[in-house]
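Structural overview
Now for the letters of each chain:
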Amino acid sequence: ASVQQGAAQAYMVMNARIVFRLESRCWCAMCAGDFHMTTTTAFDLTGRVALVTGGNRGIGRAIALGFGQAGAAVAIFGRNQDKNGEVLAELKAGGGRAMALAVDVSDRAALEPAFRRVEAELGPVDILVNNAGIAHLSGGILQETAEFCHNFIDTQLNAVFLLSNLAAASMFGR
């Protein structure tokens, strides 16, 4: 099979993974023109520390693993310790530094200590991905409770603000 080297550099997201530089386009019958993605120094995160909330499944997991593949030390926050352990094992199998903390981002009091622990163990946070979120299909506003509303706001809004504030304060001096 022949591979034609692309002249232009492009960036794209493939399979909910992190962004990699487009290297080539294959014209063989087997690939049917699919793009092959490879990590490059254009997206080298060696020496960086990434924190991904909701990093133990779905898009958060894919982001965490992508950052790990790009060389970053990765911390994930997730409520389910078993799922955290699975992703942590995947991250460490790739040879990177990683940690997983059982953190419910709706618990305001838990955020700063968890953030400080990440910085103590992996170094200053360079990348924050506020990915954690909740969805609740109840059938409409008449089916919702005040408790759900408060939890939703704490998860979707307050945690994003509080963690972004901690990360910005950490980044500002560097």
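See the structure shown above.
Residues numbered from 1 in each chain as written. Predicted model: local features only at pLDDT ≥ 70, side-chain atom pairs only at ≥ 80, totals over all residues. Heavy atoms only, no water.

Turning our attention to the overall build of the protein chain. Assigned secondary structure in the protein chain consists of 4 helices and 8 strands. Counted from the first residue to the last, the protein chain has its helices and strands arranged as β-β-β-β-β-α-β-α-β-α-β-α. Buried residues in the protein chain amount to 38% of all 174 residues. Taking the intrachain contacts of the protein chain between residues at least 6 apart in sequence as the baseline, contacts between residues at least 24 apart amount to 55%. Roughly 10,200 Å² of accessible area belongs to the protein chain as shown, and the carbon and sulfur atoms make up 56% of that amount. (Helix = DSSP H or I, 4+ residues; strand = E, 2+ residues; numbered from the N terminus. Buried < 20%, exposed > 50% of the residue type's maximum accessible area, 1.4 Å probe, protein only. Contact = heavy atoms within 4.5 Å. Areas by Shrake-Rupley, 256 points an atom, 1.4 Å probe, with all protein chains shown as cover.)

With that settled, the discussion passes to the environment of Arg116. Following the sequence through the fold, Arg116 ends up in helix α3 (residues 108-122). Put simply, Arg116 and Leu166 are 50 residues apart on the chain and 9.0 Å apart in space, counted from C-alpha to C-alpha.

A few words on the nonpolar core. If you look at the biggest cluster of nonpolar residues, it comprises 20 residues, and the most contacted ones within it are Phe77 and Val118. With 5 residues, the top contributor of residues to this core is α3. Aside from chain neighbours lying at most four places away, what touches Val118 is Val49, Leu51, Ala75, Phe77, Met99, Leu101, Gly123 and Val125. Formed by 19 residues, the second largest nonpolar core is a distinct cluster that contains Ile63, Ala64, Leu65 and Leu88. (Core = buried A, V, L, I, M, F, W, Y, C linked by side-chain atoms within 4.5 Å.)

One can describe the packing of α3 onto helix α4 (residues 146-172) by two numbers: an axis separation of 10 Å at closest approach and a directional angle of 35°. The crossing of α3 and α4 is right-handed. On α4, the residues touching Arg108, Leu111, Glu112, Phe115, Arg116 and Glu119 of α3 are Asp154, Asn158, Ala159, Leu162, Leu163, Leu166, Ala167 and Ser170. Residue composition of the contact of α3 with α4, grouped by class: 7 nonpolar, 2 polar and 5 charged. (Axes fitted to C-alpha atoms, helices over the stretch in contact; angles between N-to-C directions. Left-handed = near helix turned anticlockwise from the far one by under 90°. Nonpolar A, V, L, I, M, F, W, Y, C, P; charged D, E, K, R; others polar.)

Tracing the sequence through the fold places Asn84 in helix α2 (residues 81-93). Residues in contact with Asn84, not counting those within four places in the same chain, are Asn56, Ile76, Gly78, Ala100, Leu101 and Ala102.

This paragraph deals with the sheet that holds strand β7 (residues 98-102). In space, the 4 strands of this open sheet follow the order β7-β6-β5-β8, with parallel pairing throughout. Where the open sheet ends on each side, the last strands, each with one partner, are β7 and β8 (127-129). When strand polarity is set aside, the average angle formed by the axes of neighbouring strands in this sheet is 15°. Across 5 bridges, strand β6 (residues 73-78) lies against β7 in parallel orientation. Within β7, the residue paired with Gly78 across the bridge is Ala102. Lying over the sheet, helix α1 (residues 58-69) contacts β5 (49-53), β6 and β8, oriented at roughly 170° with respect to β5. (Pairing = 2+ DSSP bridges.)

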